[in-house]
Amino acid sequence: MKTPQHPDLGASLEQSRSGLRDTHRRSLMRALFLVTGSALVIFGSLQILNGYLWLAAGEFVASGVLFLGVARINRTPHLQGWIYGYLVTGFSFFLLIMLVPDASVTAFVWVLMMPVLAYLLLGKKEGFFLSVPFMVAGCVAFYFHLEFIANARSMIDLLNMVLCAVLMLGFIHLYETRREEAEQKLFTLAQTDALTGLSNRSSFQSTLGRTLAECKRSGSGFALVIMDIDYFKVVNDTMGHDAGDQVLRNISRRLTERLRTTDSVGRLGGEEFGLILRDVKPEDSFELMDELRQRIADSELCYGEAVIRVTASFGIAHYPEHGSDAETLFRTADRCLFSCKRAGRNMVARAGMSAVKGPRLAGGPV
């Protein structure tokens, strides 16, 4: 059984601070550094003509730092620090320009860009806490830019600024909230088997990869179990696919109600399921699966006037005794499962055992 080589989607989402992955944030920051740095060279030159030499010097220094960032942003491990440095410095610079007389009469428009940049690069929570203080300060700076509210026109100008800032922040916050909800729903759908509600194959393999990494660091072990419903095709062929779906849901409930919260279970496809049992000894995992096998064999599922009974077979492989990687463990557990099928089904087999456990059955489901 081949294991996927793509990155863990769950871990990727947890590590992401915004709707953009780190690779995309690096690309965006590189573009922002390049554009902002080039713009500051132009603005600095214009400020010299405007008579503000100290402001021009600051813009030239800032442009040099930004051009350095263009070269380093793709390699730096401190991406978050670069982002905060860019945003805090940029927002502070906007406020300064607004307070300098005659430096720019339109600098206040950058206040409306603050939530856009902050939410895009930092996400909803951090973007909110960074942008709100600067936006409030921007509105106050604009008030002083007006010098005083002497007439209705000045009041209209101030209210337009405040209203636009509030609406921009509200729209961005609402959008980011809805985006996070939609992303979480898509993630859940992508990681969940629609029929049983268990983890799907991709999610289970990602969990297995994380478990391997954690156990390698801690020196602990775990059991990988592959379970297959015996003669499941007979149920579908004789009673229909809806009956088969009911059987799969019933088996899923049996699996989840018996396992611990530290264990994991997923549907690998068809009638095959996978289980990860954390911190369990080989003998204990064998007894646990044999108890689960018996629970499944003893259970009855009423379907209309019929009663469906099925059995299941289990193959167990342990880390690190039977393999140190996911592919080897899957292959070993599959071989154990095959030995159960060959020996008569409704059995449990563990790697390294010379026999399987469970009653031999000659027939299929009833």
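Residues numbered from 1 in each chain as written. Predicted model: local features only at pLDDT ≥ 70, side-chain atom pairs only at ≥ 80, totals over all residues. Heavy atoms only, no water.

**A word on the packing of helix H5 (residues 114–122) against helix H6 (residues 124–145)**
Point 1. As a packed pair, H5 and H6 sit with axes 7 Å apart at the nearest point and diverge in direction by 155°. Taken together, the axes of H5 and H6 lie roughly antiparallel to each other. For the pair H5 and H6, the sense of crossing is right-handed. For the pair formed by H5 and H6, the contact residues are Met114, Pro115, Ala118, Tyr119 and Leu122 on the first element and Lys124, Glu126, Gly127, Phe128, Leu130, Ser131, Phe134 and Met135 on the second.
Point 2. The residue makeup of the contact of H5 with H6, split by class, is 9 nonpolar, 2 polar and 2 charged. (Axes fitted to C-alpha atoms, helices over the stretch in contact; angles between N-to-C directions. Helix = DSSP H or I, 4+ residues; strand = E, 2+ residues; numbered from the N terminus. Parallel < 35°, antiparallel > 145°, perpendicular 65-115°, else oblique. Left-handed = near helix turned anticlockwise from the far one by under 90°. Contact = heavy atoms within 4.5 Å. Nonpolar A, V, L, I, M, F, W, Y, C, P; charged D, E, K, R; others polar.)

**Considering the confidence of the model for the protein**
Point 1. Mean pLDDT over the protein works out to 85, with 89% of the residues at or above the 70 mark.
Point 2. Summarising per-element confidence for the protein, the mean pLDDT is lowest in helix H1 (residues 9–15) (51) and highest in strand E1 (residues 222–229) (95).
Point 3. Confidence over residues 1–7 falls short of pLDDT 50; this stretch has 15 contacts with residues more than four positions distant or in other chains. (pLDDT = per-residue confidence, 0-100.)

**A word on the sheet that holds strand E7 (residues 348–350)**
Point 1. With mixed pairing, 5 strands are arranged side by side in an open sheet as E2-E3-E1-E6-E7. Lying at the two open borders of the sheet, with one neighbouring strand each, are strand E2 (264–269) and E7. Ignoring which end each strand starts from, the neighbouring axes of this sheet average 20° apart.
Point 2. Examined bridge by bridge, E1 and strand E6 (residues 312–319) share 8 bridges and lie antiparallel to one another. Each residue of the ladder has a partner; that of Leu224, found in E6, is Ala317.
Point 3. Packed onto the sheet, helix H8 (residues 201–218) meets E1, E2, strand E3 (272–278) and E6 and runs at close to 20° relative to E3. (Pairing = 2+ DSSP bridges.)

**Structural notes on the nonpolar core**
Point 1. Core analysis: the largest hydrophobic core is formed by 39 residues, its most contacted members being Met29, Phe33, Leu87, Phe91 and Met114.
Point 2. The set of elements that each furnish at least two residues to this core consists of helix H2 (22–50), helix H3 (53–72), helix H4 (79–99), H5, H6 and helix H7 (152–191).
Point 3. In terms of residue count, the dominant contributor to this core is H4 (10 residues).
Point 4. Excluding residues within four positions of it along the chain, Phe33 makes contact with Leu66, Gly69, Val70, Ile73, Trp82 and Tyr86. (Core = buried A, V, L, I, M, F, W, Y, C linked by side-chain atoms within 4.5 Å. Buried < 20%, exposed > 50% of the residue type's maximum accessible area, 1.4 Å probe, protein only.)

**Regarding the pattern of salt bridges**
Point 1. The full count for this structure, using the stated rule, is 15 salt bridges.
Point 2. Across the salt bridge formed by Glu183 and Arg179, the nearest N and O atoms sit 3.5 Å from each other. Highlighted residues: Glu183 and Arg179, both in helix H7, separated by 4 residues, approximately one helical turn.
Point 3. On the basis of relative accessibility, which here comes to 18%, the residue Arg179 falls in the buried class.
Point 4. Arg267 is the salt-bridge partner of Asp193, the closest N and O atoms lying 3.2 Å from each other. Taken together, the residues span a long stretch of sequence, with Asp193 in the loop between H7 and H8 and Arg267 in strand E2 at a distance of 74 residues.
Point 5. Residue classification places Asp193 among the buried positions, given a relative accessible area of 14%.
Point 6. Residue classification places Arg267 among the buried positions, given a relative accessible area of 14%.
Point 7. One network of salt bridges, with partners in common, ties together Glu176, Arg179 and Glu183. (Salt bridge = Lys/Arg side-chain N within 4 Å of Asp/Glu carboxyl O.)

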